[in-house]
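This is what each chain is made of:
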Amino acid sequence: MSRKPVVALRDAEARGLKFELLADELRRGILAGTWTAGQKLPTEQQLAADTGLSITTVRRAFDELVAQEVVVRRQGAGSFVAPQRRPDERVRRRIGVLLPDTQLYYPRVLQGIDESLSAAGSSLQLATYRYDQALEDRSIEHLLESGVEGMLLVPTLTEIGDPARRAQSLMDLPVPVVLLERSLIDSGAGDRTEHVCSDHQGGAYDAVRHLADLGHERVALLTRQHTPTGPAVTLGYRRAVADLGLPADLEFSENKKVWETTGADAALDAIQEFDATAALIFGDREATLFEAAMRRRGLSVPDNIALVSYDDETADLAEVPLTAVSPPKYRIGRMAADVLMRRLAEGDDCPLHQIRLRPRLVVRRSCGAMRD
């Protein structure tokens, strides 16, 4: 007897992708004994009809369960609940995770990784390198020496002599590697890395389009240098102003990794010289400092200058809550871990994954679209 996993999939909220919701529902049914070890599951066509989801979505849900060794496929026969292992037979893979730090951006990424690995019965070993490339190399060596079976890496790929060579050296490591929030910028078909990244170019593009749709014809870009994400944000901004026919060259970049008060004042000088009425600012801290610089000069947000911040870590805490580009950090971590587990399970039979998730724009008061 089978139970139809209809749940609330038709009305699934944005808290999860539909295929993941279906995979979770099927997994719960298996754990509850609705389907037992060796029993055939409903066909993809049956599930699509029961849930109202597409065949593609249902297939992705099954792919997820196969990668986690919850379900096995038998050619020509269908999908079946995987045989249960005795506790001492359970495969527990150890996965190495390398992050530049665990501040601000990365806790949600790490949460996604941990939840995906836990669901697959695997564990993670974490290392950080504090944006120090020498420490980065030593950390990778330490993870390998500790016996990890695969690695999720956030490596240095900007402001180095040969990013392509560096990326290839990581792909040549003796265990499968998935890059997380890092890829070769504009390498096209020449990029052979396996990666899961936010589409930062797309995020910046959407921010500029949003400001243009609000009537702004002179939109500036305010950034800081020496950041991994900055180049992609700049490329997205430039493409947007070109496509929308907006004035170019309205760019200010502070030659530091983070702004201080003087950087915000210099940025405000620049935007007034540009005669811009709106700006995309990378990131939340800089946008908050910029708001303070405007207040000191008797200017207001968004009446004098409309703002969109990039990152959405602390944007809602600003004096005037910031409209912000919000990269899907949790989803990036979860999907990267899923890709790695699939690679470990299927080896060379697994296709190369190069996934980009477009950030969403969270509208608050600073852009002028939302008024009190």
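Thresholds, definitions, all that
Residues numbered from 1 in each chain as written. Predicted model: local features only at pLDDT ≥ 70, side-chain atom pairs only at ≥ 80, totals over all residues. Heavy atoms only, no water. Axes fitted to C-alpha atoms, helices over the stretch in contact; angles between N-to-C directions. Helix = DSSP H or I, 4+ residues; strand = E, 2+ residues; numbered from the N terminus. Left-handed = near helix turned anticlockwise from the far one by under 90°. Contact = heavy atoms within 4.5 Å. Pairing = 2+ DSSP bridges. Buried < 20%, exposed > 50% of the residue type's maximum accessible area, 1.4 Å probe, protein only. Arc of directions from axis to C-beta. Expected span 1.5 Å × (residues − 1). Phe/Tyr/Trp six-rings, centres within 6.5 Å; stacked < 30°, edge-to-face > 60°. Lys NZ or Arg CZ within 6 Å of the ring centre and 35° of its normal. Salt bridge = Lys/Arg side-chain N within 4 Å of Asp/Glu carboxyl O. pLDDT = per-residue confidence, 0-100. Nonpolar A, V, L, I, M, F, W, Y, C, P; charged D, E, K, R; others polar.

Chemist: For this particular structure, what's the right way to read the packing of helix α4 (residues 106-119) against helix α11 (residues 329-346)?
Modeler: When two helices pack together, their arrangement is given by the angle between their axes and by how far apart the axes lie. Following both chains from N to C, one finds α4 and α11 inclined at 35 degrees, their axes separated by 6 Å at the closest point. Note on packing geometry: the crossing formed by α4 with α11 is right-handed. Of the residues in α11, those touching α4 at R108, V109, Q111, G112, I113, E115, S116 and L117 are K329, Y330, G333, R334, A337, D338 and M341.

Chemist: For this particular structure, what's the right way to read the sheet that holds strand β14 (residues 360-362)?
Modeler: Whether parallel or antiparallel, the strands of a sheet pair through hydrogen bonds between backbone atoms. Read from one edge to the other, the open sheet built from 6 strands follows the order β9-β8-β10-β11-β12-β14, with strand pairing classed as mixed. On the outer flanks of this sheet lie β9 (251-254) and β14, each paired with one strand and no other. For this sheet the average axis-to-axis angle between neighbouring strands, irrespective of direction, equals 20 degrees. With 5 bridges joining them, strand β10 (residues 278-282) and strand β11 (residues 306-310) adopt parallel strand pairing. In the strand pairing of β11, L280 is matched with V308. Against the sheet, helix α7 (residues 200-213) contacts β8 (219-224), β10, β11, β12 (323-326) and β14, and its axis sits at roughly 170 degrees relative to β11. Against the sheet, helix α8 (residues 230-244) makes contact with β8, β9, β10 and β11, and its axis sits at roughly 170 degrees relative to β8, the strand it touches most.

Chemist: How should helix α2 (residues 44-51) be read in this particular structure?
Modeler: A turn of α-helix holds 3.6 residues, and therefore any two residues three or four places apart point the same way. Along α2, the residues that are buried comprise E44, L47, A48, D50 and T51. Each buried residue of α2 sits inside an arc of 165 degrees when the element is viewed along its axis, so together they form one side. Turned more than 90 degrees away from the buried face of α2, the exposed residues are Q45 and A49. G52 occupies a position one or two residues after α2 and carries a positive phi of about 80 degrees.

Chemist: I'm lost on the environment of P328 in this one. Help?
Modeler: Considering the arrangement of structural elements, one finds P328 in the loop between β12 and α11. Sequence separation between P328 and R358 is 30 residues, and the spatial gap between their C-alpha atoms is 7.7 Å. With residues up to four places along the chain from it excluded, the contact list for P328 reads S198, L357 and P359.

Chemist: When you look at α4 in this model, what are you seeing that I'm missing?
Modeler: Between the first and last C-alpha of α4 there are 20 Å, a value that for 14 residues agrees with the 20 Å anticipated at 1.5 Å per step. All of the buried residues along α4 are Y106, V109, L110, G112, I113, S116 and L117. The buried residues of α4 all sit within an arc of 155 degrees when viewed along its axis, so they share a single face. Elements in contact with the buried residues of α4: β3 (94-99), β4 (123-128), β5 (150-153), β6 (177-180) and α11.

Chemist: Please explain the packing of aromatic side chains as it appears in this structure.
Modeler: The geometry of an aromatic ring pair is captured by two quantities: the separation of the ring centres and the angle between the planes. Enumeration according to the criterion identifies 4 aromatic pairs in this entry. Taken together, a centroid distance of 6.1 Å and an interplanar angle of 75 degrees make the contact between F252 and W259 edge-to-face. The buried category is assigned to F252, whose relative accessible area is 15%. A cation sits over an aromatic face here: R74 above F80, 4.2 Å from the ring centre. Note that K329 overlies the ring of Y105, its terminal NZ or CZ placed 5.2 Å from the centroid.

Chemist: Teacher, can you tell me more about the side chain of E136 here?
Modeler: Mapping E136 onto the fold places it in helix α5 (residues 133-145). You can call E136 buried: its relative accessible area is 0%.

Chemist: When you look at the pattern of salt bridges in this model, what are you seeing that I'm missing?
Modeler: Under the defined criterion, the tally for this structure stands at 24 salt bridges. Measuring nitrogen to oxygen at the nearest pair gives 3.8 Å for the salt bridge that ties E20 to R334. Of the two residues, E20 is situated in helix α1 (residues 18-32) and R334 in helix α11; the sequence distance between them amounts to 314 residues. By relative accessible area, which is 11% here, R334 ends up buried. Connected through shared salt-bridge partners, E20, D24, R27, R331 and R334 make up one network.

Chemist: Sorry if this is basic, but what is going on with the confidence of the model for the protein chain here?
Modeler: Where the model shows low pLDDT, its predicted coordinates should not be examined in detail. Averaged over all residues, the pLDDT of the protein chain equals 89, while 93% of them reach at least 70. Here residues 6-15 is modelled with pLDDT under 50, and outside its nearest four sequence neighbours on either side it reaches 15 contacts, counting other chains as well.

Chemist: Is there a simple way to explain the sheet that holds β3 in this structure?
Modeler: Spatially, the 6 strands line up as an open sheet ordered β4-β3-β5-β6-β7-β13, and their pairing is parallel. Only two strands of the sheet have a single neighbouring strand rather than two, namely β4 and β13 (354-357). Between one strand axis and the next, the sheet turns by 15 degrees as a mean value, whatever way the strands run. Two elements, strand β7 (residues 195-198) and β13, share 4 bridges in a ladder whose sense is parallel. In the strand pairing of β13, S198 is matched with L357.

Chemist: In this structure, what is going on with the packing of helix α3 (residues 55-67) against α11? I would like to understand it.
Modeler: It is at 9 Å that the axes of α3 and α11 come closest, and there the two elements cross at 65 degrees. Considering the relative orientation of α3 and α11, their crossing is left-handed. Counted together, R60, D63, E64 and A67 of α3 and R334, M335, D338, M341, R342 and A345 of α11 form the full contact between these two elements. Partitioning the contact of α3 with α11 into residue classes produces 4 nonpolar, no polar and 6 charged.

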